[in-house]
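Letter by letter, the chains look like this.
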Amino acid sequence: MSVEDRLAARFAAERKKQNKQTLFNLEETTELTHMGQTLSEIEKYEDPRSDDEGDDALGAEFVKSAHFGGGLLASGGPNSAQSRKEWIDQMIADSKKRKYDARKAREETLEMTDKLDDDYKQVMQIFKDADLMPAAAAPDPSDEYDMLVRQLAFEPRVGASERTKTDEEVKREEATRLRLLEEARQLRMRADPEEAGGARPAVHRSADDLDDGFLLDAKPQQRLELIGDQLVVTSELPDVPLTGRQAKKRQSRLQRQRDAEEEAEQTLPEAVTPPKAKLPTYKKLSATLRALLPLEQTRHLTELVMSLDPQLSPGNKALLISLYEMLLRYIGDCCRRSGAAADTGSPGGGQVALRAVDALVPLLYDLTQRLGDAAYLSWVAWLRRRQAAYGRRRRRSFPGLETLLPLRVCGQLFPSSDRRHPVTMPAMLMLCQMLAECRVTSRRELAAGLFVVSLLNEFTSLASRYVPEVIGFLQSVLFTAVPSERQAPLAGHVLLPQLPRGPHSSLLQLTTSCAGAPCEPLLSLSAVESEAPLTDAARASCLHVAASLVRQLAERHGQLPAASEIFGPLRLMMAAVDVRRYPDVLRNKWTACLKTLEGISSEKTTLEKNKKRPKPLRLYEPAIEENFDGRRRRPGSHEKREHDKLVHKYKRQMRSTVREVRRDNAFVARQKLTEIKTKDDDRKRKLKDLMASLANQEGDFKRMKRQK
């Protein structure tokens, strides 16, 4: 056989062998079909097209007629002409007919199903063609309704908000806010640190403190340090020598910081800087404000404050503080101009200056709230200057309106009911010093003193604080209204520094009867600067103001334990005055004030120690348990006992853990010691071997040397 024949025979044998092994395997290219269609063409495998399905099923009528008493027995009995062979043939024919009818009905059903599938595909093709058609023209956007609908469709949804509160809820919240503010004010008024938020932390004092007023500077001192070629400000720390590596690290760190700052400055975009605000000098500002009406002054200053907003420029805060100090100075100048106008007899200019001060108070209040501590410091500096000017006077006398009116403004800007306040407390002390040191010798001193008393009365109205200087000054004022023949017994009730002497003791005694004359119930501010002599009308007005102040103080401090001692001298002086010569208005006010003073009770209650309830004797009664089982139980509730158990278990576990940790530490220490000893022994052995080797080498060297 040739080579090709052998190859063909070998291929045929291999193919035969492979076909024998894979007799029932189908090739990959073989496609299975059903009813002339491949399985890949059939979308669903639910097509019921089996020929044999349901053919062998027998109906109930056939089973009843052919079995269980049917067949020949039901066909007429032995006399029936139909034989068994005929009956079987008839049954076979009926079965075939029934199968044919079933197959025909099934084929009709399949034909109808295929027809419906074809119709469905045609309908779907129509819809696909409709989708490919161009869209219809959009509606006219000019329609307002359609435009509104589209806007509402794309408008962002607003998040849920809180419901509108009812009037009752608003009133309730406002009442709660006012109540909390009043409680805070009461705490500040009482100055109780424990109620205000806990006790104040005690300041640490060393045992070596000598109380010599020498205070060490707690801030770390700064020093200059040369690092590389740069001078750096560092805090003074203990002198710790730096190694060369540490110095290099510090220098490299500083160099990196400088490089980062320079890079940041270069990468920053150029910001649009607002125009720098300019603050006029006080002379220019004062001239500008004087040329304007009070409301126009407020409007001009409001615009100036808005231009100096600290958010526009960081340097505007200092300019705003300077403007605040200028406004304080301008208020003093306005008060001085009003006093000068009163002296020259032109009240119109004084009224304009006072209205300007009244219009500037709201603006000053807003600036005080914005500046905070800076406003406090400005007022404290102003008070120091006023106090220094008052102390430089040789003869103690009340200052003018340039000092008294700003003090009244101070009471409107800061809370006066606080027990300790950095501004109102020094102002009140300054007013008390004036009342204690200044004597009443003229109409101006009398009007200024009553104005100071009204200021202190306003400052202490909320806190109901008792000021003894006010009572002493009113005693001296009322003493001058007592007739001269009745002053001797009452002189001991007036304090010596304030006791009027000589011609000043009859300052408020009427020279003529004013029973039918009118009486001004108030004093004008021009009287504080007026040097005119006292008239009977001015005396009546001063007495009316003094009586009103005495009545207000009596109603406020009438519940004090020492009220009878405080207001007793005032009652005696008012009772000694002959009111028949006074105007009707003053007489009615005097009588009402005297009734108020007489209504103050002089009864005293002795101090008694608080009664304590008698402490009963301790009775030892046996603790009887109803259900005693012989076990001892700890007292307390079930929760407490469970808590004690957990605590005991925790402590026991903690002791066990600590013990195990100690054992582990001891074991680790022993292991380290063993390793150290092993290393030491190994090192000693190696050293010993090395020394022995060196000794042998030395001996060999000497022996060789001797042999030579």
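Cut-offs used in this document
Residues numbered from 1 in each chain as written. Predicted model: local features only at pLDDT ≥ 70, side-chain atom pairs only at ≥ 80, totals over all residues. Heavy atoms only, no water. Helix = DSSP H or I, 4+ residues; strand = E, 2+ residues; numbered from the N terminus. Buried < 20%, exposed > 50% of the residue type's maximum accessible area, 1.4 Å probe, protein only. Contact = heavy atoms within 4.5 Å. Areas by Shrake-Rupley, 256 points an atom, 1.4 Å probe, with all protein chains shown as cover. Phe/Tyr/Trp six-rings, centres within 6.5 Å; stacked < 30°, edge-to-face > 60°. Expected span 1.5 Å × (residues − 1). Arc of directions from axis to C-beta. pLDDT = per-residue confidence, 0-100. Axes fitted to C-alpha atoms, helices over the stretch in contact; angles between N-to-C directions. Left-handed = near helix turned anticlockwise from the far one by under 90°. Nonpolar A, V, L, I, M, F, W, Y, C, P; charged D, E, K, R; others polar. Core = buried A, V, L, I, M, F, W, Y, C linked by side-chain atoms within 4.5 Å. Polar contact = N/O pair within 3.5 Å; in protein donor to acceptor, adjacent residues only side chain to side chain. Parallel < 35°, antiparallel > 145°, perpendicular 65-115°, else oblique.

**Section: the overall build of the chain**
Here comes step 1: Broken down by element type, the chain carries 22 helices and four strands.
Here comes step 2: Looking at the 708 residues of the chain, the share that counts as buried comes to 26%.
Here comes step 3: Look at the contacts in the chain between residues 6 or more apart in sequence, and 71% of them connect residues 24 or more apart.
Here comes step 4: With an accessible surface of roughly 53500 Å², the chain has 56% of that area assigned to carbon and sulfur atoms.

**Quick look at the packing of aromatic side chains**
Here comes step 1: On inspection of all chains with the given rule, the structure shows five aromatic pairs.
Here comes step 2: Following the ring pairs from residue to residue traces out a cluster consisting of Tyr-376, Trp-379, Trp-382 and Phe-414.

**Points about helix 21 (residues 584-598)**
Here comes step 1: For helix 21, built from 15 residues, the straight-helix expectation of 21 Å at 1.5 Å per residue is met to within 8% by its first-to-last C-alpha distance of 21 Å.
Here comes step 2: Where helix 21 is concerned, the buried positions are Leu-586, Trp-590, Cys-593, Leu-594, Thr-596 and Leu-597. Down the axis of helix 21, the smallest arc covering the buried residues is 155 degrees, so these residues share one side. The exposed residues of helix 21 that point more than 90 degrees off its buried face are Asn-588, Lys-595 and Glu-598.
Here comes step 3: Where the residues of helix 21 are buried, they touch helix 16 (468-479), helix 19 (536-557) and helix 20 (563-576).

**Let's talk about the confidence of the model for the chain**
Here comes step 1: In this model, the chain carries a mean pLDDT of 76, and residues with pLDDT of at least 70 account for 75%.
Here comes step 2: Confidence scores differ between elements of the chain, with helix 6 (residues 193-197) showing the lowest mean pLDDT of 45 and helix 22 (residues 638-707) the highest of 92.
Here comes step 3: A low-confidence stretch, residues 204-241 (pLDDT under 50), is modelled with 30 contacts involving residues beyond four sequence positions or located in other chains.
Here comes step 4: Contacts from residues 268-272, a stretch scored under 50 in pLDDT, to residues over four places away or in other chains number zero contacts.

**Quick word on the packing of helix 14 (residues 424-437) against helix 15 (residues 443-459)**
Here comes step 1: Their axes nearest at 10 Å, the elements helix 14 and helix 15 cross at an angle of 145 degrees. Both helix 14 and helix 15 take part in a crossing whose hand is left-handed. Each of Met-428, Leu-431, Cys-432 and Leu-435 in helix 14 lies in contact with helix 15, whose residues at this interface are Gly-449, Val-452, Val-453, Leu-455, Leu-456 and Phe-459.
Here comes step 2: Partitioned by chemical class, the residues of the contact of helix 14 with helix 15 number nine nonpolar, one polar and no charged.

**Side note on the nonpolar core**
Here comes step 1: Counting 109 residues, the largest nonpolar core has Trp-379, Phe-567 and Trp-590 as its most contacted members.
Here comes step 2: Considering every element that reaches this core, the biggest residue donor is helix 19, with eleven residues.
Here comes step 3: Aside from chain neighbours lying at most four places away, what touches Phe-567 is Ile-471, Leu-553, Ala-554, His-557, Leu-597 and Ile-600.

**Considering the side chain of Arg-539**
Here comes step 1: One can find Arg-539 in helix 19.
Here comes step 2: Arg-539 sits in the buried class, given a relative accessible area of 12%.
Here comes step 3: A polar contact is formed between the side chain of Arg-539 and the backbone oxygen of Leu-507, at a distance of 2.8 Å.
Here comes step 4: The contact partners of Arg-539, leaving out residues within four places of it in the chain, are Leu-507, Leu-508, Gln-509, Leu-510, Thr-511 and Leu-534.

**A few points about the packing of helix 13 (residues 401-413) against helix 15**
Here comes step 1: At a minimum axis separation of 10 Å, helix 13 and helix 15 run at an interaxial angle of 10 degrees. Here helix 15 runs roughly parallel to helix 13, going by the angle between their axes. Residues Leu-404, Leu-405, Leu-407, Arg-408 and Gly-411 of helix 13 touch helix 15, and the partners they reach there are Ala-448, Phe-451, Val-452, Leu-455, Glu-458 and Phe-459.
Here comes step 2: Classifying every residue of the contact of helix 13 with helix 15 gives eight nonpolar, one polar and two charged.

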